[in-house]
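Spelled out from the first residue to the last, the chains are:
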Amino acid sequence: MQTLSSSVHDTIDSLVKSNDVVLFMKGTADFPQCGFSAAVCNVLEHLDVTFKDVNVLESDAMRQGIKDYSNWPTIPQLYVKGEFIGGCDIIKEMFQSGELQELFDKK
Amino acid sequence: MPHPIEAVMRDKLTAYFIPLHLEITDDSHHHAGHSGAKAGGGTHYTVKLISAQFRGLSRIKRHQAVHNVLAEELKAQVHALVLHLDEPS
């Protein structure tokens with residue numbers, strides 16, 4: 001994407017490709033700094049899913065970069081095997097319907 | 001008094017999605033003091049929308065359709081937008 005500085009784009013690209021499950025969030029898994037990020041962490045922990053947490057508050061470039069990378073204006077954002085799954089609402093809906101469990105069983 | 005941006009969002013969503021149901025809730029007061037919250041509210045919303053236009057669209061595409069319609073508001077001051085997007089049953 002042209003509007004995105006290549007270094008952030010490459011960093012994100014490498015994060016989502018080298019980790020099975022990546023959550024871009026505000027704060028860390030141990031100390032989420034936003035209710036929406038905390039909610040997704042809770043779901044993942046409930047499902048016993050190991051994930052890489054990326055704290056977007058540590059870098060403005062990353063905070064904006066992930067929005068551009070995914071074409072998604074809000075945080076958190078979940079990636080599984082390089083694929084963007086969604087933000088907090090979608091993750092909660094997929095958890096409630098059982099689709100999220102299926103996704104992790106499959107992948 | 002609702003924040004004026006609520007009416008702007010309602011008009012845009014109504015014009016674009018011709019919803020069977022549209023409910024906009026201002027959650028800003030729950031987030032006072034949180035980063036992104038502004039005095040006077042108008043920053044955190046929940047939108048429930050039922051529209052035939054969501055038929056055949058994935059969850060991500062439905063959300064992106066709403067993000068696109070509200071792009072200016074999301075850029076300006078709407079900091080969090082919880083979306084419940086359904087097609088008519």
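Cut-offs used in this document
- Residues numbered from 1 in each chain as written.
- Chains lettered and ligands numbered in written order.
- Predicted model: local features only at pLDDT ≥ 70, side-chain atom pairs only at ≥ 80, totals over all residues.
- Heavy atoms only, no water.
- Axes fitted to C-alpha atoms, helices over the stretch in contact; angles between N-to-C directions.
- Helix = DSSP H or I, 4+ residues; strand = E, 2+ residues; numbered from the N terminus.
- Parallel < 35°, antiparallel > 145°, perpendicular 65-115°, else oblique.
- Left-handed = near helix turned anticlockwise from the far one by under 90°.
- Contact = heavy atoms within 4.5 Å.
- Phe/Tyr/Trp six-rings, centres within 6.5 Å; stacked < 30°, edge-to-face > 60°.
- Buried < 20%, exposed > 50% of the residue type's maximum accessible area, 1.4 Å probe, protein only.
- Nonpolar A, V, L, I, M, F, W, Y, C, P; charged D, E, K, R; others polar.
- Pairing = 2+ DSSP bridges.
- Polar contact = N/O pair within 3.5 Å; in protein donor to acceptor, adjacent residues only side chain to side chain.
- Arc of directions from axis to C-beta.
- Core = buried A, V, L, I, M, F, W, Y, C linked by side-chain atoms within 4.5 Å.

Enquirer: I'd like to hear about the packing of helix H4 (residues 88-97) of chain A against helix H2 (residues 59-69) of chain B, residue by residue, with values.
Expert: Closest axis-to-axis distance for the H4(A)/H2(B) pair is 11 Å, and the angle between their directions is 150 degrees. Taken together, the axis directions place H4(A) and H2(B) in an arrangement best described as roughly antiparallel. Seen from above, H4(A) lies across H2(B) with right-handed handedness. Contacts between H4(A) and H2(B) pair Asp89(A), Ile90(A), Glu93(A), Met94(A) and Ser97(A) from the former with Arg59(B), Ile60(B) and His63(B) from the latter.

Enquirer: Can you lay out the packing of aromatic side chains for me, pointing to particular residues and giving the numbers?
Expert: Two numbers describe a pair of aromatic rings. These are the distance of the centres and the angle of the planes. Evaluated as defined, the whole model comprises 6 aromatic pairs over all chains. Residues Phe24(A) and Tyr79(A) carry aromatic rings whose centres are separated by 5.9 Å and whose planes lie at 80 degrees to one another, so their mutual orientation is edge-to-face. With Phe24(A) in strand S1 (residues 21-25) and Tyr79(A) in strand S3 (residues 77-80), this pair connects stretches of sequence that are 55 residues apart. Here Phe24(A) matches Tyr79(A) in class, with each residue buried. Judged by centre distance (4.8 Å) and plane angle (70 degrees), the rings of Tyr16(B) and Phe17(B) are edge-to-face.

Enquirer: How would you sum up the packing of helix H1 (residues 6-18) of chain A against helix H3 (residues 60-70) of chain A? Please name residues and give values.
Expert: The axes of two packed helices give the description: the angle between them and the distance between them. All names here are of chain A. Closest axis-to-axis distance for the H1/H3 pair is 9 Å, and the angle between their directions is 70 degrees. Between H1 and H3, the interaxial angle falls into the category roughly perpendicular. Residues Val8, His9, Thr11, Ile12, Asp13, Leu15 and Val16 of H1 lie in contact with H3, whose contacting residues are Ala61, Met62, Gly65, Ile66 and Tyr69. Here the contact of H1 with H3 is built from residues that sort into 8 nonpolar, 3 polar and 1 charged.

Enquirer: Which residues make up the sheet that holds strand S4 (residues 83-86) of chain A, and what are the values?
Expert: Residues and elements named next belong to chain A. Taken in spatial order, the 4 strands of this open sheet run S2-S1-S3-S4, and their pairing is mixed. Each edge of the open sheet is held by one strand with a lone partner, namely strand S2 (52-55) and S4. Between one strand axis and the next, the sheet turns through 25 degrees on average, direction left out of account. Inspection of the sheet shows S1 paired to S2 by 4 bridges, in the parallel sense. Within S2, the position partnered with Met25 by the bridge is Asn55.

Enquirer: I'd like a rundown of the environment of Asn55(A), residues and numbers included.
Expert: All names here are of chain A. Topologically, Asn55 is positioned in strand S2. Each C-alpha atom, one on Asn55 and one on Asp68, is 16 Å from the other, the two residues being 13 residues apart in sequence. Not counting residues up to four positions away in its chain, the partners in contact with Asn55 are Met25, Lys26, Gly27 and Thr28. Here the side chain of Asn55 touches Gly27 through a polar contact of 2.9 Å, landing on its backbone nitrogen.

Enquirer: Which residues make up helix H5 (residues 99-106) of chain A, and what values do they have?
Expert: Because an α-helix packs 3.6 residues into every turn, residues spaced three or four apart end up facing the same way. Residues and elements named next belong to chain A. Restricting attention to buried positions, one finds in H5 the residues Leu100, Leu103 and Phe104. Along the long axis of H5, the arc covered by the buried residues comes to 90 degrees, so they all point the same way. Facing away from the buried side of H5, by more than 90 degrees, are the exposed residues Glu102, Asp105 and Lys106. On its buried side, H5 packs onto S1, helix H2 (35-46), S3, S4 and H4.

Enquirer: So what's going on with the nonpolar core? Residues and values would help.
Expert: With 35 residues, the main nonpolar core has Ile12(A), Leu23(A), Phe24(A), Leu44(A), Ile66(A), Leu78(A) and Tyr79(A) as its most contacted residues. Counting residues per element, the ones that place at least two in this core are H1, S1, H2, H3, S3, S4, H4 and H5 of chain A. Residue contributions to this core peak at 5 residues, all from S1(A). Apart from the residues lying within four places of it in its own chain, the contact partners of Leu23(A) are Ser37(A), Val40(A), Cys41(A), Leu44(A), Phe51(A), Lys52(A), Asp53(A), Val54(A), Pro76(A), Gln77(A) and Leu78(A). Residues Ile5(B), Leu22(B), Phe54(B) and Ala65(B) belong to the second largest nonpolar core, which totals 19 residues.

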